[in-house]
Number of protein chains: 2
Amino acid sequence: MSTPYTRKSLTPDKIVDKALEIADAQGFEALSMRKLAGALGSTAMSLYNHVANKDALLELMLERVAAEIVTPDISGDWEETMRQRAHSMRAALLRHRWVPPLLISTITMGAASLRNIDATLGCLVTQGFTYAQADWARNALDSHVYGYTLQELNYPVSPEAYQTAAAQYLPMISKADYPFMHEAAVQIVDGTYDGMTQFSFGLELIIDGLKRWRDAP
Amino acid sequence: MSTPYTRKSLTPDKIVDKALEIADAQGFEALSMRKLAGALGSTAMSLYNHVANKDALLELMLERVAAEIVTPDISGDWEETMRQRAHSMRAALLRHRWVPPLLISTITMGAASLRNIDATLGCLVTQGFTYAQADWARNALDSHVYGYTLQELNYPVSPEAYQTAAAQYLPMISKADYPFMHEAAVQIVDGTYDGMTQFSFGLELIIDGLKRWRDAP
DNA sequence: ATGTCAAGTATACAGCGTAAGTCAAAAATA
DNA sequence: TATTTTTGACTTACGCTGTATACTTGACAT
């Protein structure tokens, strides 16, 4: 009855595995059905026996990524729990750079996402937040994660290279047109400022504000 | 005298105009070079006499959007200025829903973007922030704008329909699997919570935190 | 009047997602 | 065991995409 197929050389799992591998390594635009099939030693149309279409495949991929995010411990200290969740979200987005652009066009309402949201609300609600407050808090925290990571991914220079990059670009930043950016670049070159924005800065700002809000709404 | 078409009927400006029109109305994936040319009464290849390629067109489009954002008044009160800038950024992103997905893949370093960033730094720096602080502050504020709008655009239900949508989906949110989301939905249905997250909430959280940080770093 | 140059157009190519149809192997049934 | 049914893989084909190449045409300077 439930004897496993020996002929199934392709399975949804294997397909999603390879799709993630390709997207992570070569970017999302490099992921075509033909290429994916080729990497699996098969042909494009064979994939459609296991995956409805490319959008469905995408949703499976996003669900995998969602599963990588730490599920909040409902009884854990909310501040530390939210911190960990935010950092693991950022890590997942950086690991899979192709995800952020898709977060808009694709509504991800898979089990992993829902479970995570539920646990997040749960953690906050059991520690003094109302449901409305918990929803707002999660929204504000997630906004920071998404927005910060978006900017981080967009940034053309790697953190180690800020100083040399600033030195290189400095002559191109017209002091007349962009006086403040120019001065900022100068400060990065001379070491006054290392040029690194920090994920934790905004995160702690928000956590701190949430704490204050909960205690004195 | 009038020939069937007058020379130079196409200009970069006209092309970008129409491209924005199509993308705003029908989404980004609906914008193809052939379709765009057709809407301009021309053919696809004609566009290439005025625009290097589709990516270059995109950059022009993004630059137009960037120009819609309020340029901070350097001598204005920083709190109010940042508030206005954030709101106008969000408005621009909502007006052009196709933008956010592209913010990652396309580095926008056009004049309008640079001018805005420069003015933002300037406003903060002239009011007591160091350059490093100003950079962090801008980054945190922009993170909120991008992240919040991203979630807002992704959300499948319009704000007016939250209550009816919650009532509709309630039976589908398993109380066993997602107890907290279930309760949240209940509270939206019974009116305890209107289900609306608010852009200003997170924004004020951050502004408040920045103020505190500047005064006691 | 003629030559030059820029703008418009036609054709073509490689790639895409995927609908439709074919075929052979595995599973179910007899 | 023999036969039927189901299913996964494959081939072909269609309409779409961005754009390279080559050709034509209109406008203007000499």
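Because the structure is predicted, anything quoted here is derived from the model rather than measured.

**Some thoughts on the domain arrangement of chain A**
All names here are of chain A.
Here's step 1: For chain A, the assigned domains read domain 1 (12-51) and domain 2 (66-215).
Here's step 2: Between domain 1 and domain 2, the C-alpha centre-to-centre distance is 30 Å.
Here's step 3: Each partner contributes residues to the interface: domain 1 has four residues there, and domain 2 has four residues.
Here's step 4: Interface area, domain 1 with domain 2, both sides summed: about 380 Å², of which 72% is carbon and sulfur.
Here's step 5: Run the count over domain 1 and domain 2 and you get zero salt bridges.
Here's step 6: Summed over the shared surface of domain 1 and domain 2, the result is two residue pairs in polar contact (both at pLDDT 80 or more).

**Observations regarding the interface of chain B and chain A**
Here's step 1: Counting residues at the interface gives 55 residues for chain B, matched by 55 residues for chain A.
Here's step 2: The junction of chain B with chain A conceals about 5000 Å² of combined surface from both sides, 71% of it contributed by carbon and sulfur atoms.
Here's step 3: Taken as a group, Ile 104, Tyr 131 and Phe 180 of chain B account for 16% of the area that chain B buries against chain A, more than any other trio of residues on that side.
Here's step 4: For the pair chain B and chain A, the number of links is zero salt bridges.
Here's step 5: Joining chain B to chain A, the criterion identifies 20 residue pairs in polar contact (both at pLDDT 80 or more).
Here's step 6: Looking at the side of chain B that touches chain A, the elements that each hand over two or more residues are helix H6 (99-105), helix H7 (111-125), helix H8 (131-154), helix H10 (179-189) and helix H11 (199-215) of chain B.
Here's step 7: Of the residues forming the side of chain B that touches chain A, the biggest block, 18 residues, is contributed by H8 of chain B.

**Focus on the environment of Tyr 193 of chain B**
Here's step 1: Among the structural elements, Tyr 193 of chain B can be located in the loop between H10 and H11.
Here's step 2: The exposure class assigned to Tyr 193 of chain B is buried, which follows from its relative accessible area of 6%.
Here's step 3: As a C-alpha pair, Tyr 193 of chain B and Gln 163 of chain B span 30 residues in sequence and 9.3 Å in three-dimensional space.
Here's step 4: If we skip the residues at most four places from it in the chain, Tyr 193 of chain B touches Ala 132, Asp 135 and Trp 136 of chain A together with Gln 187 and Ile 188 of chain B.
Here's step 5: Among the polar contacts made by the side chain of Tyr 193 of chain B, one reaches the side chain of Trp 136 of chain A at a distance of 3.2 Å.

**Section: the packing of aromatic side chains**
Pairs of aromatic rings are described using the distance from one ring centre to the other and the angle between the two planes.
Here's step 1: The tally for this structure, following the rule as stated, stands at 12 aromatic pairs over all chains.
Here's step 2: Seen in terms of ring centroids, Phe 201 of chain A and Trp 213 of chain B are 4.4 Å apart; in terms of plane orientation they differ by 50 degrees. Their pairing is tilted. Of this pair, Phe 201 of chain A sits in helix H11 (residues 199-215) while Trp 213 of chain B sits in helix H11, placing the two residues on different chains. Judged on exposure class, the residue Phe 201 of chain A and its partner Trp 213 of chain B are both buried.
Here's step 3: Measuring from centroid to centroid gives 5.3 Å for Tyr 148 of chain B and Phe 199 of chain B, while their planes differ by 65 degrees, and the two rings are edge-to-face.

The rules behind these values
Residues numbered from 1 in each chain as written. Chains lettered and ligands numbered in written order. Predicted model: local features only at pLDDT ≥ 70, side-chain atom pairs only at ≥ 80, totals over all residues. Heavy atoms only, no water. Domains from an automatic or database assignment. Contact = heavy atoms within 4.5 Å. Buried area = accessible area lost by both parts, 1.4 Å probe. Salt bridge = Lys/Arg side-chain N within 4 Å of Asp/Glu carboxyl O. Polar contact = N/O pair within 3.5 Å; in protein donor to acceptor, adjacent residues only side chain to side chain. Helix = DSSP H or I, 4+ residues; strand = E, 2+ residues; numbered from the N terminus. Buried < 20%, exposed > 50% of the residue type's maximum accessible area, 1.4 Å probe, protein only. Phe/Tyr/Trp six-rings, centres within 6.5 Å; stacked < 30°, edge-to-face > 60°.

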